[in-house]
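Coordinate inspection notes
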Amino acid sequence: MIKQSSTVEFFSNIYQILITDEELMRLLKYEPKGFDTQENYHPDPLDPELPNLVDIESDDYWKLVDERVVLGEKTSDLIENKLCKIYIYEGRRRPVIESYLVAQQEVNIDIFIHESFDRDLRISRISDRINELIALERIAGFGKLEYKAGNPREAPTHYRRFLHQYTMSVSKK
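Presented here is a report on the structure given in the accompanying data block. (Residues numbered from 1 in each chain as written. Predicted model: local features only at pLDDT ≥ 70, side-chain atom pairs only at ≥ 80, totals over all residues. Heavy atoms only, no water.)

Describing the overall build of the chain
A count of helices and strands for the chain gives four helices and seven strands. By the compact-globule yardstick of 16 Å for 173 residues, the chain fits well, its C-alpha radius of gyration being 17 Å. Looking at the 173 residues of the chain, the share that counts as buried comes to 46%. Taking the contacts inside the chain whose residues are at least 6 apart along the sequence as the reference set, 60% of them involve residues at least 24 apart. Distance from the positive charge centre (24 side chains) to the negative charge centre (31 side chains) of the chain: 8 Å. (Helix = DSSP H or I, 4+ residues; strand = E, 2+ residues; numbered from the N terminus. Rg over C-alpha atoms; globule rule 2.2 N^0.38 Å. Buried < 20%, exposed > 50% of the residue type's maximum accessible area, 1.4 Å probe, protein only. Contact = heavy atoms within 4.5 Å. Lys, Arg positive; Asp, Glu negative; His and termini not counted. Charge placed at Lys NZ, Arg CZ, Asp CG, Glu CD.)

Looking at the packing of helix α1 (residues 7–19) against helix α4 (residues 122–134)
Any two packed helices are characterised by the angle at which their axes cross and by the distance between the axes. Interaxial distance between α1 and α4 falls to 10 Å at its minimum, and their mutual angle equals 125°. By the angle between their directions, the pair α1 and α4 is classed as oblique. As α1 packs across α4, the resulting crossing turns out to be right-handed. Contacts from Ile14, Ile17 and Leu18 in α1 reach Ile130, Leu133 and Ile134 in α4. In terms of residue class, the contact of α1 with α4 is built from six nonpolar, no polar and no charged. (Axes fitted to C-alpha atoms, helices over the stretch in contact; angles between N-to-C directions. Parallel < 35°, antiparallel > 145°, perpendicular 65-115°, else oblique. Left-handed = near helix turned anticlockwise from the far one by under 90°. Nonpolar A, V, L, I, M, F, W, Y, C, P; charged D, E, K, R; others polar.)

Put into C-alpha cells, the structure is as follows:
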C-alpha cells in the first residue's frame, strides 16, 4: 500500500497520468506523417483514423507502456531500437528554509526520440503534451507540480534528448 502524500504516491500518480493519455501514447508510438518507402505511408500520429492505444485490458497496451514510459533511468535499450521514450525519476530534494515541515522535491522527465521521429518536431510535441498534463496540477498531497526548467542534454547516437524538471512540495517527515 502506498502511503498518502508520500513521494511514492506523487511519482505513481504522475506515471498513471502519463500512461493513460491517448495523445501522449500516440506521440510515443507512431512514426511521423509521410512515406518511409514508396509503399508505406504513415498518417499523423494524432489522426483519428488510427486505433486507440489506451486500453488497459490489452497486453499490447502494457507492452507499449513498458517499452515507452519508464520509472527510473535506463538508456541501454535505446541503441538497438528506434523509439520515442520517456523516463520519470527523482531529482534533488531540498528543504524549504521557512518551513520545518516542507521540502522541495524535483521531478525529472527525460524525453528521448530517435532521429527518424524528428521530422514533425516530435520532441516539442511530446514536451507540450506532458506540460499540459502535469504542470501546475495537483498530483497528490498538497501543492502543485511547478515547471522549473527544460534543457537539451547529451544523448546516445541517433537520438535527441530533452530533460524537463518540475518541483513539488513534500513533507520532510
